[in-house]
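Descriptive analysis of the structure
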Amino acid sequence: MQDAKEFRQKLYPPMVEGDHDFASVSDKIGDVTLKKKTPFHWFIGFGIAFLVAQLLLMTVTYLVATGIGIWGNNQPIGWAFDIINFVWWIGIGHAGTLISAILLLLNQKWRTSINRFAEAMTLFAVACAGMFPLLHTGRPWLAYWLFPYPNVMGMWPQFRSPLMWDVFAVSTYATVSLLFWYVGLIPDLATLRDRAKNKFFKIVYGILSMGWRGSARHWHRYEIAYLLLAGLSTPLVLSVHSIVSFDFSVAQLPGWHATIFPPYFVAGAIFAGFAMVLILCIPLRHMYNMKDFITHHHLVLMGKVMLATGLIVVYGYAMEAFFGWYSASQFELYMIYNRIWGGPYWWSYWLLILCNGLSIQLLWFKRFRESEFWLFLISVIVSIGMWLERFVIIVTSLHRDFLPSSWAMYSPTVFDWTMFIGTIGFFFTLIYLFVRFLPIISIFEVRTLLPEAHVHGRHQDFEEIVNEVEKEKIDRTS
């Protein structure tokens, strides 16, 4: 029976470790939000993130008052840090929707402990991303002109522009992701309402839980709504970053005009998104002692997903070089030569290959894949590499135009850097607020993973599985 038990653990690794029941799960996760005394490390982290976010506030204030000339954009590099950071942040937000929607439809239980803060990460990343194209217009107070609304001026959006496609794709993505996140929160908000001792929080959680009583009718409607939103979110994972890639691929510029961009960008977005999920969940499981719920098995699975999507991205790099050679176009050939070793930005390309191509090869080995330190380090390197990827695609393709008379160098100004670093501070400020006031792990979904939640679960025929395996071993030896 000992061998059978070990085989069972290998066949179905536990998604929840430790001796937990319904009450202990609620206590463990709910106390992070409801505890009277906020941990000191939370104040340190929130204070640093909030101070960094002030860089964003000061930069945006000066930008609106002065104009986008404070950025380093020039001709021919009309889009630079603004679109680099826009695409980078949108990519980071992809993993949340993938974990929540696609893995839910595929009935993958390992999503349960990480979907809540992954969804929050999606919303905060989209909020950071939306600032860049909005401020790039120079007059963000006229942003409502981007939407088709009846008006006496007869002005309508230019629907042939891929930047207009971005407006609808990103706004739809943000709206559906927000609804999906909020609907998933409702049962947990009711749990916090019932357990809160502070009257103010009890009222706030009561309003947000929308009168949830946990009745059979409520659960029935909840499951239908959650499944429908998952079905709506699933095509968004593929469509949003595909449409973002059209900003480049519909152009005639060497280095951009490639049919591989949509799948290449989607894989890169999932790659960057899972890297950020690992960057967040590894510290969280230690700070709040959530190792029983965010288990070692979760980290290993995310490492495998990161390896798989990373290899797709590396394949995309190889195909870009192949297309440049196979096209027999002198412009495409020069773009590849300039990008890889002949141009002034060659260092960025090889740093990109080092971060995204070589670092992930460590994940082939079990020793690195199962090490929290190496997973965290590789995730940080990948996040840097994905930013460099956008830098390479945009700057090295634009700074050498068709005519040598149009050539120019690009270097970011201090305001480019303060806005980018400020959005990172803003992102982590929102993450810290989310961790403090909302459950970072779905309470009711973790409960469904406990043995008492499925008395007639899939393990009931386990002895039959063991007998079949033993019989197969006997047949092979004979």
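Here, every reference points to the structure presented above.
Notes on the structure follow.

**Focus: the nonpolar core**
Counting 125 residues, the largest nonpolar core has Phe 86, Trp 89, Phe 117, Phe 248, Met 302, Phe 427 and Phe 434 as the members making the most contacts within it. Ranked by residue count, the leading element in this core is helix 10 (residues 261-287), at 18 residues. When near neighbours in sequence (up to four residues on either side) are disregarded, Phe 248 contacts Ile 83, Val 87, Trp 256, His 257, Phe 261, Phe 265, Ile 393 and Ile 394. Residues Ala 101, Ile 186, Tyr 222 and Phe 444 belong to the second largest nonpolar core, which totals 11 residues.

**Comments concerning the layout of surface pockets**
Taken as a whole, the second largest pocket holds about 750 Å³ of empty space. Lining the second largest pocket are 31 residues, and of these Pro 133, Thr 137, Leu 146, Leu 163 and Val 167 sit closest to its centre. Of all the secondary-structure elements, those providing two or more residues to the lining of the second largest pocket are helix 4 (81-92), helix 6 (115-136) and helix 7 (162-195). Considering each element in turn, the lining of the second largest pocket owes the most residues, 7 residues, to helix 7. Looking at side-chain class alone, the lining of the second largest pocket contains 22 nonpolar, 6 polar and 3 charged residues.

**What to know about the environment of Ile 224**
Assignment of secondary structure puts Ile 224 in helix 9 (residues 216-249). For the pair Ile 224 and Val 25, spaced 199 residues apart in sequence, the C-alpha to C-alpha distance is 25 Å.

**Observations concerning a nonpolar patch on the surface**
Side chains of Tyr 334, Tyr 337, Trp 341, Trp 346, Trp 347, Trp 350, Leu 351, Leu 354, Leu 358 and Trp 407 sit close together on the surface and give an oily, nonpolar patch of about 1,100 Å² of accessible area. Going through the elements one at a time, helix 12 (330-342) and helix 13 (346-358) are the ones with two or more residues in the nonpolar patch. Top element by residues in the nonpolar patch is helix 13. It accounts for 6 residues. If you trace the backbone, Leu 351 turns up in helix 13.

About the criteria used
- Residues numbered from 1 in each chain as written.
- Predicted model: local features only at pLDDT ≥ 70, side-chain atom pairs only at ≥ 80, totals over all residues.
- Heavy atoms only, no water.
- Core = buried A, V, L, I, M, F, W, Y, C linked by side-chain atoms within 4.5 Å.
- Buried < 20%, exposed > 50% of the residue type's maximum accessible area, 1.4 Å probe, protein only.
- Helix = DSSP H or I, 4+ residues; strand = E, 2+ residues; numbered from the N terminus.
- Contact = heavy atoms within 4.5 Å.
- 1 Å grid on protein atoms, 1.4 Å probe; cavity = no way out; pocket = protein on both sides within 12 Å on 5 of 7 lines; lining within 4 Å.
- Points joined across faces, edges and corners; volume = space filled by probe spheres on them.
- Nonpolar A, V, L, I, M, F, W, Y, C, P; charged D, E, K, R; others polar.
- Patch = residues over 30% accessible without salt bridge, like charges linked within 9 Å, V, L, I, M, F, W, Y side chains within 5 Å.
- Areas by Shrake-Rupley, 256 points an atom, 1.4 Å probe, with all protein chains shown as cover.
- Salt bridge = Lys/Arg side-chain N within 4 Å of Asp/Glu carboxyl O.

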